[in-house]
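# Coordinates in review
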Protein chains: 2
Amino acid sequence: MATPSMEDYLERIYKLIDEKGYARVSDIAEGLEVHPSSVTKMIQKLDKDNYLIYEKYRGLMLTPKGKKMGKRLVERHQLLENFLTIIGVQEDNIYKDVEGIEHHLSWDSITCIETLVEYFRRDPGRTDELLNVRKEIEADN
Amino acid sequence: MATPSMEDYLERIYKLIDEKGYARVSDIAEGLEVHPSSVTKMIQKLDKDNYLIYEKYRGLMLTPKGKKMGKRLVERHQLLENFLTIIGVQEDNIYKDVEGIEHHLSWDSITCIETLVEYFRRDPGRTDELLNVRKEIEADN
DNA sequence: GGGGAAATAAAGCAATGGCTACGCCTAGCA
DNA sequence: TGCTAGGCGTAGCCATTGCTTTATTTCCCC
Ligand SMILES: [Mn+2]
Ligand SMILES: [Mn+2]
Ligand SMILES: [Mn+2]
Ligand SMILES: [Mn+2]
């Protein structure tokens, strides 16, 4: 099982490869705001756990396992951001909250949240009603 | 700021006092599945941070700060369990998920989830519609 | 006052993951 | 073609968190 930090790295790596075609140590480090040496260390761990194949000074390649996991992690992060946005969480809180909770939800929960997001997407009136509930609660104070 | 573990202890302590009138080291230890010595250590930390007043061998008392925080933590935990239940997460996943995410949500997010739960509570038909969405998604596979 | 349960103290361990310092590799320029 | 800057890797260290084990102390009740 991957630790939260491992997931953050894998997510970032997947995204970089997806967007730029490759993932360099320095880009990963910048994205996660850690030092390059920390990235090297973690890459070696991810290699040992078969999420990627790493050749020093040569770069890295995600294995099928790593690709699959990376994709899920990126999608999970996006889903959670969408969820918090829909329910009205302030922009500035969203990223940090998602970074925290994403590692602690079962895939069962993720699926249910997916359904919930779809529920609001299918009928925008529902979002309006949610906002009404909010207003009514606020008015009671 | 309290660490996740501190929050877990505080939550448990508040609950014990609420239900039994007092919180003994052994009860706390049992509830959190740790050794009594771990409890003692954490209690001292919580004392230092003014969440409670601790007299060795004499027990502890929550300060106003500790009471307020404890109450919020217990309510937060309960809210998140309700939320996951409403959206259809399996019983066996709920506790573990909540234990994990509860420490990583801003109070802004908590408030929004509260509103969401209230939204479903006000009209049970909404829950039914959510279930329908779920069934339709499942049927598509 | 003594026995035993409960609580505490002290020491230490393990996992995680970050940083610094320094050394190595290599692409690309001179 | 050789140098070198910047990127990368290694080793060693440190901080945090929170747990355990073991030994000792205290309290409570008989
Ligand atoms: Mn994260
Ligand atoms: Mn993320
Ligand atoms: Mn918890
Ligand atoms: Mn909890």
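Residues numbered from 1 in each chain as written. Chains lettered and ligands numbered in written order. Predicted model: local features only at pLDDT ≥ 70, side-chain atom pairs only at ≥ 80, totals over all residues. Heavy atoms only, no water.

### Concerning the UniProt feature "binding site: Mn(2+) 2" (unreviewed entry) in chain A
All names here are of chain A. Here the UniProt-annotated "binding site: Mn(2+) 2" (unreviewed entry) positions come out as Glu11, His77, Glu99 and Glu102. The largest pairwise C-alpha distance within this set of annotated residues, which runs over 92 residues, is 11.1 Å, so the set is compact in three dimensions. The residue Glu11 is located in helix α1 (residues 4-20) in this model. Setting aside residues up to four positions removed in sequence, Glu11 forms contacts with Leu73, Val74, His77, Glu99 and Glu102. Inspection of the secondary structure puts Glu102 in the loop between α5 (91-101) and α6 (107-122). Contact partners of Glu102, with chain neighbours within four places excluded, come to Glu7, Asp8, Glu11, Arg76, His77 and Leu80. (UniProt positions renumbered as here; feature names shortened; annotations may be inferred. Helix = DSSP H or I, 4+ residues; strand = E, 2+ residues; numbered from the N terminus. Contact = heavy atoms within 4.5 Å.)

### Some remarks on the side chain of Glu102 of chain A
Residues and elements named next belong to chain A. In this structure, Glu102 is buried with no salt-bridge partner, the nearest side chain bearing the opposite charge being Arg76 at 4.7 Å. Within the structure, the side chain of Glu102 is placed 3.0 Å from the side chain of His77, a separation counted as a polar contact. Separated by 3.3 Å, the side chains of Glu102 and His103 make a polar contact. (Buried < 20%, exposed > 50% of the residue type's maximum accessible area, 1.4 Å probe, protein only. Lys, Arg positive; Asp, Glu negative; His and termini not counted. Salt bridge = Lys/Arg side-chain N within 4 Å of Asp/Glu carboxyl O. Polar contact = N/O pair within 3.5 Å; in protein donor to acceptor, adjacent residues only side chain to side chain.)

### Thoughts on the interface of chain A and chain B
In this assembly, 30 residues from chain A lie in contact with 30 residues from chain B. Taken together, both faces of the contact between chain A and chain B bury some 2800 Å²; the carbon and sulfur share is 63%. When the buried area of chain A at its contact with chain B is split by residue, His104, Tyr119 and Arg122 of chain A rank highest and sum to 19% of it. Between the two partners, chain A and chain B, sit four salt bridges. For Glu136 of chain A, the salt bridge is made with Arg122 of chain B, and the minimal N-O distance between the two is 2.5 Å. At the boundary of chain A with chain B, the tally comes to 13 residue pairs in polar contact (both at pLDDT 80 or more). Among the elements of the structure, α4 (64-86), α5, α6 and α7 (124-139) of chain A are those that each provide at least two residues to the side of chain A that touches chain B. Top contributing element to the side of chain A that touches chain B by residue count: α6 of chain A, with 10 residues. For the side of chain A that touches chain B, the residue count by class is 14 nonpolar, eight polar and eight charged. (Buried area = accessible area lost by both parts, 1.4 Å probe. Nonpolar A, V, L, I, M, F, W, Y, C, P; charged D, E, K, R; others polar.)

### Describing helix α3 (residues 36-48) of chain A
Residues and elements named next belong to chain A. Across its 13 residues, α3 extends 19 Å between first and last C-alpha, which sits within 8% of the 18 Å expected from 1.5 Å per residue. Inspection of α3 places Val39, Met42, Ile43 and Leu46 among the buried residues, and these make up the whole buried set. With its buried residues spanning 110° around the axis, α3 presents them on a single face. Those residues of α3 that are exposed and angled more than 90 degrees off the buried face are Ser37, Lys41 and Lys48. Residues of α3 that are buried make contact with α1, α2 (25-32), β1 (52-55) and β2 (59-62). Asn50 occupies a position one or two residues after α3 and carries a positive phi of about 65°. (Expected span 1.5 Å × (residues − 1). Arc of directions from axis to C-beta.)

### A short note on the pattern of salt bridges
Scanning all chains against the criterion turns up 18 salt bridges over all chains. Two residues, Glu129 of chain B and Arg126 of chain A, come together in a salt bridge whose shortest N-O distance is 3.2 Å. Within this pair, whereas Glu129 of chain B is found in helix α7 (residues 124-139), its partner Arg126 of chain A is found in helix α7, the two belonging to separate chains. Residues joined in a network through salt bridges with shared partners are Glu118, Arg121 and Arg122 of chain A together with Glu136 of chain B.

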